[in-house]
Amino acid sequence: MSFPALPQRPEDGHKGMFGSVCVIGGQRSEDGLVMVGAPALTAIAAMRSGCGMSILAMPQPVLQAGLLSAPHSIGIELPVDDVGRIIPSSAIEAIDRHANGCRCLAIGPGFGCGWEQQQIIATLIARDDRPIILDADGLNALALLPSAQLDLRAPIVMTPHVGEYRRLAKAMGTNIESPEELAQVYGCVLVLKSDTTQVFDGVRTTKITEGGVELATGGSGDVLTGIIAGLVAGYGIDGVSHVYDAAVLGAIIHARCGKSFASEHGNTGMLATDLLKRIPDVIATLRT
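Because the structure is predicted, anything quoted here is derived from the model rather than measured.

A.B. asks: It is not clear to me how the packing of helix α3 (residues 88–98) against helix α4 (residues 115–125) should be interpreted in this structure. Could you clarify?
C.D. replies: Each pair of packed helices can be summarised by the angle the axes make with each other and by the distance between the axes. Packing of α3 against α4 leaves a shortest axis separation of 9 Å and a crossing angle of 40°. By the angle class used here, α3 and α4 are oblique. Considering only the axes of α3 and α4, their crossing is right-handed. Each of P88, A91 and I92 in α3 lies in contact with α4, whose residues at this interface are W115, E116, Q119, I120, T123 and L124. Grouping the constituent residues of the contact of α3 with α4 by class yields 6 nonpolar, 2 polar and 1 charged.

Okay, structure coming up:
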């Protein structure tokens, strides 16, 4: 299949030229659920896809564990209260202070979808200063926001699996059989993940049929989010006009990484970390 042009990689480039991605995610819930791997996978995937730097913005109690999993990233502590809940206003202040120069935000991996997360997401999607990749709990939190709180101005790529898509469609009252309609209502690029991945922006539709069942493993979607975010950052100041291209390319790269694993090991037993190692090789084949 044909695919959009990848971001350029000038020989005299430096990390500042290739942009940075801030991943907002992770949690330690009040009932004892701890999630740190998902945002780490996203941050590493963004780096593997060519961005110059990644930043992990995570609740203070779990940030150190996230940085141990993604040691190439910079960390931003999101303040929490006495019982470990994120303080939304302080979290936004920390992100604004330390990630102001990021070209792309990836929000949701392992983040939780409580009131606090909803407030952070509502604030960030109301800004038009940079693209946002919204995944996992970021999508679940969005679906829980009252429509009166939806002031969606950011260029957004949403990456739902079928269950998350249905929650979004129900929340917005759109036809569940029409992903194009949901993309139009949100004004977003929609990457619908299933046995085939389809990308919609309300006008265009691209179907990627290369993915296989080897991708049905925990963390696979977090890697896809990072790939798309890394590509958006790599487009530089033109990233806003390339969010659809980045979504299509990200889905192709993700699928071919899985296909590469399956060609060597079969379609069982792949870990999300196996995908990470294959991203540069797959990108190299797309450049030839």
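There's more to say after this.
A.B. asks: I would appreciate a short explanation of the layout of surface pockets in the present structure.
C.D. replies: One water molecule sets the probe size; rolling that probe over the atoms shows where empty space is left. Of the volumes computed, that of the largest pocket is approximately 480 Å³. Contributing to the lining of the largest pocket are 25 residues, with K193, L215, S220, G221 and H254 lying nearest its centre. Listing elements by their share of the lining of the largest pocket, those giving two or more residues are α8 (220–234) and α9 (243–265). When grouped by side-chain class, the residues that make up the lining of the largest pocket number 8 nonpolar, 12 polar and 5 charged. R28, S29, G84, R85 and Q117 are the residues nearest the centre of the second largest pocket, which is lined by 18 residues in total. Sorting the residues of the lining of the second largest pocket by element identifies β2 (27–28) and α4 as the ones contributing at least two each. Split into classes, the residues belonging to the lining of the second largest pocket amount to 7 nonpolar, 7 polar and 4 charged.

A.B. asks: What should I look at first to understand the nonpolar core in this one?
C.D. replies: When a protein is soluble and globular, its nonpolar side chains tend to lie buried together. Grouped together as the largest cluster of nonpolar side chains are 53 residues, with contacts concentrated most on V223, I253 and I279. I24, A57, L142 and L190 belong to the second largest nonpolar core, which has 41 residues in total.

A.B. asks: It is not clear to me how the pairing of strand β9 (residues 189–192) should be interpreted in this structure. Could you clarify?
C.D. replies: Each regular strand carries side chains that alternate between the two faces of the sheet. Residue alternation in β9 divides its side chains into two sets, V189 and V191 and L190 and L192, and both sets are buried. Inspection of the sheet shows β9 paired to strand β10 (residues 197–200) by 3 bridges, in the antiparallel sense. When the sheet's bridge partners are listed, L192 is paired in β10 with Q198. Hairpin remark: β9 followed by β10, antiparallel, with 4 residues in the connecting loop.

A.B. asks: Sorry if this is basic, but what is going on with the environment of E210 here?
C.D. replies: Mapped onto the elements of the fold, E210 is located in the loop between β11 (205–208) and α8. For the pair formed by E210 and R130, sequence separation is 80 residues and the distance between their alpha carbons is 30 Å. Of the polar contacts made by the side chain of E210, one reaches the side chain of R256; its length is 2.9 Å.

A.B. asks: Hey, could you run me through the side chain of T174 in this one?
C.D. replies: Within the secondary structure layout, T174 lies in the loop between α6 (162–172) and α7 (179–186). According to the relative accessible area criterion, T174 is buried, its value standing at 11%. Excluding anything up to four places from it in sequence, T174 contacts A169, E181, L182 and V185.

A.B. asks: Looking at this structure, I do not really get the side chain of Q27. What am I missing?
C.D. replies: Considering the arrangement of structural elements, one finds Q27 in strand β2. When neighbours within four sequence positions are excluded, Q27 is seen to be in contact with L33, V34, M35, P59, V62, G110, F111, G112 and D137.

A.B. asks: I keep staring at the packing of aromatic side chains and nothing clicks. Help me out?
C.D. replies: Two numbers describe a pair of aromatic rings. These are the distance of the centres and the angle of the planes. Under the definition given, this model contains 0 aromatic pairs. Just above the ring of F18 sits the side chain of R9; from NZ or CZ to the centre is 3.8 Å. Stacked on the ring of Y244, the Lys or Arg R204 has its end atom at 4.0 Å from the ring centre.

Rules used throughout
- For every chain, the first residue of the written sequence is number 1, and numbering continues from 1 onward in sequence order.
- With pLDDT at 70 or above as the cut-off, local features in this predicted model cover only qualifying residues; side-chain atom pairs require 80 or more to be listed or tallied, and sums for whole chains, interfaces and linings still use all residues.
- Hydrogens and water are ignored here; the side-chain numbers use all heavy atoms of the structure.
- Note on definitions: angles span 0 to 180 degrees between N-to-C directions of axes, and those axes are lines fitted to C-alpha atoms, for helices only across the stretch in contact.
- Put simply, DSSP H or I for four residues or longer makes a helix, DSSP E for two residues or longer makes a strand, and each gets a number counted from the N terminus.
- By the definition adopted for this analysis, an angle is roughly parallel if under 35 degrees, roughly antiparallel if over 145, roughly perpendicular if from 65 to 115, and oblique otherwise.
- When the near helix sits turned anticlockwise from the far one by under a right angle, the crossing is termed left-handed; a clockwise turn instead gives a right-handed crossing.
- Throughout, a residue-residue contact means that at least one pair of heavy atoms, one from each residue, lies within 4.5 Å.
- When residues are grouped by polarity, Ala, Val, Leu, Ile, Met, Phe, Trp, Tyr, Cys and Pro land in nonpolar, Asp, Glu, Lys and Arg in charged, and all others, Gly among them, in polar.
- Cavities and pockets were defined on a 1 Å grid built from protein atoms only: a cavity is a group of points that admits a 1.4 Å probe but offers it no way out, a pocket is an open group of points flanked by protein on both sides within 12 Å along at least five of seven lines, and a lining residue is one with an atom within 4 Å of any such point.
- Grid points are joined across faces, edges and corners, and a volume is the space filled by probe spheres set on the points.
- Buried Ala, Val, Leu, Ile, Met, Phe, Trp, Tyr and Cys residues form a nonpolar core when they are joined through side-chain atoms within 4.5 Å.
- The rule is simple: take the accessible area with a 1.4 Å probe, protein chains only, and divide by the maximum for that residue type; under 20% is buried, over 50% is exposed, in between is partly exposed.
- Only strands that DSSP links by at least two bridges are regarded as paired with each other.
- We call two N or O atoms a polar contact when they sit within 3.5 Å, provided that within protein one can donate a hydrogen and the other can accept it, with sequence-adjacent residues counted only if both atoms are side-chain atoms.
- The criterion for an aromatic pair is that two Phe, Tyr or Trp rings (for Trp, the six-membered ring) have centres within 6.5 Å, with stacked assigned to planes under 30 degrees apart, edge-to-face to planes over 60 apart and tilted to the rest.
- Charges are assigned to positions over rings by a cutoff of 6 Å between ring centre and Lys NZ or Arg CZ, combined with an angular limit of 35 degrees from the ring normal.

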